[in-house]
Amino acid sequence: MMMENSTSIDRISNIPDDILCHILSFLPTKDSFSTTLLSKRWSSLFKLLTALDFSDYSVSDNKESYLHFWQFVDTITLSTQLIKRILLTITCHRHHDCFKFDSWIETIKRHPVENLQISFSILLPSSIFRFSTLVVLKLSKVTISVDNISVNLPSLKTLHLFLVYFKNRDNFNNVLNGCPILEDFKTDIYNRSRGYTDNLKILSNLITTNIWTYILDVPICKAIQNVHFLILDINRFNHTDFPIFRNLIQLELSVTNLKRLDDVVELLRHCPKLQIFSFEKMEAPRDLFIKWKYPNSVPECISSYLKSCTVNYVGCPDELRFAKYILQNARLLEIMKIDMRATLDPRLSRTYVLEELTSCPRISPQCKLSTIPC
């Protein structure tokens, strides 16, 4: 307890500048900048900020307000000295034409920026893909309209492209080919680019990949073949000419319009070291009772490596047949889980599913059955 005659201690004033800047980095930049009014010491502290977070959530939807907002973005960017992370999220974008993005990109290149995230509808200059210091680049809802972009991202390890429109497929390929040490790749590919060429290099350092696409094509498969953790969300298979995913140990597969379970098995044949597999198919009711026959041979990953398997169960008998196929052939299986949250028939009880699987012979004595109820 503080004694009556003791004086209060200003602990904040004793905190070093670098720690204060680190604390401010967790605030929206507008709030960080408002601390300049506190005292002389704080008046220039914002220049040492290493993280900028711009959002228009409090900006009125009129041209004058947006002009002030973009002037603020430009002023702060020019004034700070050691920016390493920039997050720019815009929800309302009627007046973004008042801001010169080309010059702003060139400005931030004069800083040691490592993490750049831009999310709003804008025509971005292709110079954003020539950035030697970037380690993380996340783009959302942007358009790159140049015919042939030049890419140089030698330090980039994380690349997320969501709702990014490229004028042609070559530009998309150029971006991937310009990231020699990429480790984390996430993208959606839904006819956002025209044209098609097979000139993708193998991403040799890739660890995690998350892809949403209508049809999984051969070139992208070859480019990501060294990946360790893969999430695929596709509409349908159009081929079985997969490369060998030699390093893949975890696969989460979601197929909206699956016609043959054999395509899934064929993919598993190309994942020889797979240990964790999650499978979800979402079909129309008329497709739910296609009879599936067990394949003549068992993929190596199932017989020798698979430890965990999760199957989404919407009510199709083939889904349980597939789960039984895994149970009968996976020697090292420890967990078989049935996800019933999307079942089309609520009368199909957890008890029914467990009884069906319990009655099936299991080659792995340590395997445990479980369900995620609807």
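Look a little higher up for the structure.
Residues numbered from 1 in each chain as written. Predicted model: local features only at pLDDT ≥ 70, side-chain atom pairs only at ≥ 80, totals over all residues. Heavy atoms only, no water.

Enquirer: Just to check I follow, could you spell out the overall build of the protein for this structure?
Expert: Regarding its fold elements, the protein presents 11 helices and 14 strands. Relative to its full complement of 374 residues, the protein shows a buried share of 46%. Expressed as a percentage of contacts within the protein between residues at least 6 apart in sequence, the contacts between residues at least 24 apart total 57%. Surface exposure of the protein reaches about 18800 Å², of which carbon and sulfur atoms provide 52%. (Helix = DSSP H or I, 4+ residues; strand = E, 2+ residues; numbered from the N terminus. Buried < 20%, exposed > 50% of the residue type's maximum accessible area, 1.4 Å probe, protein only. Contact = heavy atoms within 4.5 Å. Areas by Shrake-Rupley, 256 points an atom, 1.4 Å probe, with all protein chains shown as cover.)

Enquirer: What's the story with the packing of helix α8 (residues 261-269) against helix α10 (residues 317-329) in this structure? I'm lost.
Expert: Interaxial distance between α8 and α10 falls to 12 Å at its minimum, and their mutual angle equals 30°. By the criterion of interaxial angle, the relationship of α8 to α10 is roughly parallel. As for the relative orientation of α8 and α10, their crossing is right-handed in sense. Along the contact surface, α8 presents L261, V264, V265 and L268, while α10 presents D318, F322 and Y325. Along the lines of polarity and charge, the residues of the contact of α8 with α10 split into 6 nonpolar, no polar and 1 charged. (Axes fitted to C-alpha atoms, helices over the stretch in contact; angles between N-to-C directions. Parallel < 35°, antiparallel > 145°, perpendicular 65-115°, else oblique. Left-handed = near helix turned anticlockwise from the far one by under 90°. Nonpolar A, V, L, I, M, F, W, Y, C, P; charged D, E, K, R; others polar.)

Enquirer: What's the story with the nonpolar core in this structure? I'm lost.
Expert: Side chains that are nonpolar tend, in soluble globular proteins, to be buried together. Core analysis: the biggest nonpolar cluster contains 103 residues, and I118, F129, F277, F322 and M336 have the highest contact counts within it. Broken down by element, this core gets its largest block of residues, 6 residues, from α10. (Core = buried A, V, L, I, M, F, W, Y, C linked by side-chain atoms within 4.5 Å.)

Enquirer: Looking at this model, I keep getting lost on the pattern of salt bridges. Mind explaining?
Expert: Two side chains bearing opposite charge may form a pair once their charged atoms approach each other closely. This model, assessed by the stated rule, comprises 7 salt bridges. The salt bridge involving D147 is made with K167; its shortest N-O contact spans 2.9 Å. On the criterion of sequence distance, the pair formed by D147 in the loop between β4 (136-144) and β5 (158-162) and K167 in the loop between β6 (165-166) and α6 (169-177) is long-range, its members being 20 residues apart. The structure contains a network of salt bridges with shared partners spanning R260, D262 and D263. (Salt bridge = Lys/Arg side-chain N within 4 Å of Asp/Glu carboxyl O.)

Enquirer: Even after reading the chapter, I still don't get unusual backbone geometry, so can you show me in this structure?
Expert: Residues other than glycine seldom take positive phi values, yet K141 does so here, at roughly 65°. By secondary structure assignment, the location of K141 is in strand β4.

Enquirer: Explain the packing of aromatic side chains here, please?
Expert: Two aromatic rings are characterised by how far apart their centres lie and by the angle between their planes. Under the counting rule described, the total for this entry stands at 18 aromatic pairs. A ring pair is formed by W70 and F101, whose centres lie 5.9 Å apart and whose planes are at 70°; its orientation type is edge-to-face. In this pair, W70 sits in helix α4 (residues 63-79) while F101 sits in helix α5 (residues 101-108), placing the two residues 31 residues apart along the sequence. Taken individually, W70 and F101 each receive the classification buried, so the pair is uniform in this respect. (Phe/Tyr/Trp six-rings, centres within 6.5 Å; stacked < 30°, edge-to-face > 60°.)

Enquirer: Is there a simple way to explain the pairing of strand β7 (residues 184-189) in this structure?
Expert: Across a regular strand the side chains alternate sides, sitting on one face of the sheet and then on the other. Pairing of β5 with β7 involves 4 bridges; the strand directions are parallel. What sits directly across from H160, in β7, is K186. In this sheet, strand β8 (residues 208-215) lies alongside β7 in parallel orientation, the contact comprising 6 bridges. What sits directly across from D184, in β8, is T208. (Pairing = 2+ DSSP bridges.)

Enquirer: Can you walk me through the side chain of K281 in this structure?
Expert: Locating K281 in the fold gives a position in strand β11 (residues 276-281). With sequence-adjacent residues up to four places away left out, K281 is seen in contact with V255, L258, N312, V314, C316 and E319.

Enquirer: Where do I start with α4 in this structure?
Expert: Residues separated by three or four positions in an α-helix point in the same direction, a consequence of the helix having 3.6 residues per turn. Taking 1.5 Å per residue as the helical rise, α4 with its 17 residues ought to reach 24 Å, and the 24 Å between its terminal C-alpha atoms agrees with that figure. Within the span of α4, buried status applies to Y66, F69, W70, V73, I76 and T77. One face of α4 carries all of its buried residues, which in axial projection span an arc of 125°. Looking at the buried side of α4, the elements it contacts are α2 (29-34), β1 (51-55), β2 (85-89), α5 and β3 (115-123). (Expected span 1.5 Å × (residues − 1). Arc of directions from axis to C-beta.)

Enquirer: Explanation requested: α8 in the structure shown.
Expert: Among all positions in α8, only L261, D263, V264, V265, L267 and L268 are buried. Where α8 is buried, its residues touch β10 (250-255), β11, α9 (300-304) and α10.

Enquirer: What exactly am I supposed to notice about the packing of α4 against α5 here?
Expert: When two helices pack together, their arrangement is given by the angle between the helix axes and the distance between those axes. At a minimum axis distance of 10 Å, the contact between α4 and α5 shows a crossing angle of 25°. As summarised for this structure, α4 and α5 are arranged roughly parallel, according to the angle between their axes. Relative to α5, the crossing made by α4 is left-handed. Residues W70, V73, D74, T77 and L78 of α4 touch α5, and the partners they reach there are F101, W104, T107 and I108. Class assignment of the residues belonging to the contact of α4 with α5 gives a composition of 6 nonpolar, 2 polar and 1 charged.

Enquirer: Looking at this model, I keep getting lost on the environment of K84. Mind explaining?
Expert: Secondary-structure assignment places K84 in the loop between α4 and β2. A relative accessible area of 41% means that K84 is categorised as partly exposed. Taking the C-alpha atoms as reference points, K84 and N115, 31 residues apart in sequence, are found 6.1 Å from one another. The residues touching K84, leaving out its near neighbours within four places in the chain, are T50, P112, V113, E114 and N115.

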